[in-house]
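Now for the letters of each chain:
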Amino acid sequence: MSDLIRWRPTASHEVLRRRAQALATTRDFFRKRRVLEVETPALVNSPVSDVNIRSVQAQIPGADRPLFLHTSPEYAMKRLLAAGSGDIYQVCRVFRGAERGRQHNPEFTMVEWYRIGFTLEHLMQEVAELVNELLGAELPVEYLSYRDAVQRHADFDPLEARDEVLRESARALGLDARVAGSAGRDELLDLVMGARVGPALGTTSLTFVHRYPASQAALARLDPQDPRLALRFELYHRGMELANGYHELGNVAEQRARFDVDLQSRRARGLPAATLDRYLLAALDAGLPDCAGVALGFDRVLMLALGAANIDEVLAFPTEHA
């Protein structure tokens, strides 16, 4: 594309106006609920350890080590929570490498918030209220356990099925047989969820998939009623993943152990090493209040509200035009 055209925004003036309205609606939503808006640094000391997320490195001239653009404000917001902030939210730009496509831009807007004393169910209800406001709709809300969602749309039990059943399902979705043979259980489940289950969810509703396998807990607590499961949810509408939420893990020893497993997985996959965020671990050690938190993809919600087929339609300038 010629620079004579590339300088122009990819979103129309009307879309940019609607985007501004949606941002105002979001802030008004939290103002009415007395949730404090906060800002935390976009440049952080450590990358995330999650094997599925690529951090973007940034080098400040004269600095003795690289910094990283945050993939989420989660770690810093948890430091605020541990310091006694109370309920907080943030609307910010976040950055993820190796993510580009119809629904992905390496730089995007996230709405993240934390509610003291909320259960997973309370938070899912609040997420539905905000998303319906942003969509200008009153969509029904559906709650499906991860197990039920996979059984319904992929025809196997993700907790009980043998690994070979998962490999067969992955091969049916086009994964190379040799890759499928060496992939781990969670890698196979992620493929099935992303390619088969997720796209079938939320056709006419806001569909929450909750209680993921414990091996996919990330920063969520395990379910005290069934330790095979994590108190984690994702929200889908019209096949698009919109949000990811946790009943937050506050046990520093357990979180450190999970990070160590992540680091082992990164080494096994030949991914860049990640140093653990010592400030987050110190905050957890000081004491995280009982809370639930969620990250919502603002641009994706706007895509659905405006009927956009590509994320570029709701951004002033996607990365290639920045």
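For the structure given in this document, a descriptive report is provided here. These numbers come from a predicted model, not from an experiment.

So, how was this worked out
Residues numbered from 1 in each chain as written. Predicted model: local features only at pLDDT ≥ 70, side-chain atom pairs only at ≥ 80, totals over all residues. Heavy atoms only, no water. Axes fitted to C-alpha atoms, helices over the stretch in contact; angles between N-to-C directions. Helix = DSSP H or I, 4+ residues; strand = E, 2+ residues; numbered from the N terminus. Parallel < 35°, antiparallel > 145°, perpendicular 65-115°, else oblique. Left-handed = near helix turned anticlockwise from the far one by under 90°. Contact = heavy atoms within 4.5 Å. Nonpolar A, V, L, I, M, F, W, Y, C, P; charged D, E, K, R; others polar. Core = buried A, V, L, I, M, F, W, Y, C linked by side-chain atoms within 4.5 Å. Buried < 20%, exposed > 50% of the residue type's maximum accessible area, 1.4 Å probe, protein only. Pairing = 2+ DSSP bridges. Arc of directions from axis to C-beta. Polar contact = N/O pair within 3.5 Å; in protein donor to acceptor, adjacent residues only side chain to side chain.

Some points on the packing of helix H6 (residues 163-172) against helix H8 (residues 185-197)
Remark: H6 packs on H8, axes separated minimally by 9 Å, with the N-to-C direction vectors making an angle of 40 degrees. Accordingly, the angle class assigned to the pair H6 and H8 is oblique. The handedness of the crossing between H6 and H8 comes out as left-handed. Contacts from Asp163, Leu166, Arg167, Ser169, Ala170 and Ala172 of H6 reach H8 at Arg185, Leu188, Leu189, Leu191, Val192 and Arg196. A breakdown of the residues in the contact of H6 with H8 according to their chemical character gives seven nonpolar, one polar and four charged.

What to know about the nonpolar core
Among the nonpolar cores identified, the biggest contains 40 residues, and Trp113, Val127 and Leu296 are the most heavily contacted of them. When residues of this core are assigned to their parent elements, the largest contribution, nine residues, is made by helix H4 (residues 120-135). Setting aside its immediate chain neighbours within four residues, Leu296 contacts Thr109, Met110, Val111, Trp113, Leu130, Val131, Leu134, Leu242, Ala243 and Val301. In terms of nonpolar packing, the next biggest core, distinct from the first, is built from 19 residues, Leu144, Leu188, Leu189 and Leu201 among them.

Quick word on the pairing of strand E5 (residues 88-95)
Burial runs high along E5: seven of the eight residues are buried. In the sheet, strand E1 (residues 36-37) pairs with E5 via two bridges, with the strands oriented parallel. Bridged to Leu36 within E5 is Ile88. Of the strand pairs in this sheet, E5 and strand E6 (residues 107-116) are connected by eight bridges, and their pairing is antiparallel. From the neighbouring strand, Val94 faces E6, where its bridge partner is Phe108.

Examining the side chain of Thr71
In this structure, Thr71 sits in the loop between strand E4 (67-69) and helix H3 (74-82). Filtering out sequence-adjacent residues up to four positions away, Thr71 remains in contact with Val48, Ile53, Arg54, Ser55, Val94, Phe95, Arg96 and Met110.

A look at helix H10 (residues 278-287)
Those residues of H10 not exposed but buried are Leu280, Leu281, Ala283 and Leu284. Taken down its axis, H10 places every buried residue within 160 degrees of arc, on the same side. Exposed side of H10, more than 90 degrees from the buried face: Asp285 and Ala286 are the residues found there. Where the residues of H10 are buried, they touch H3 and helix H9 (252-268). One side-chain oxygen of the residue at the start of H10 lies 3.0 Å from the amide nitrogen of Tyr279, identifying that residue as Asp277.

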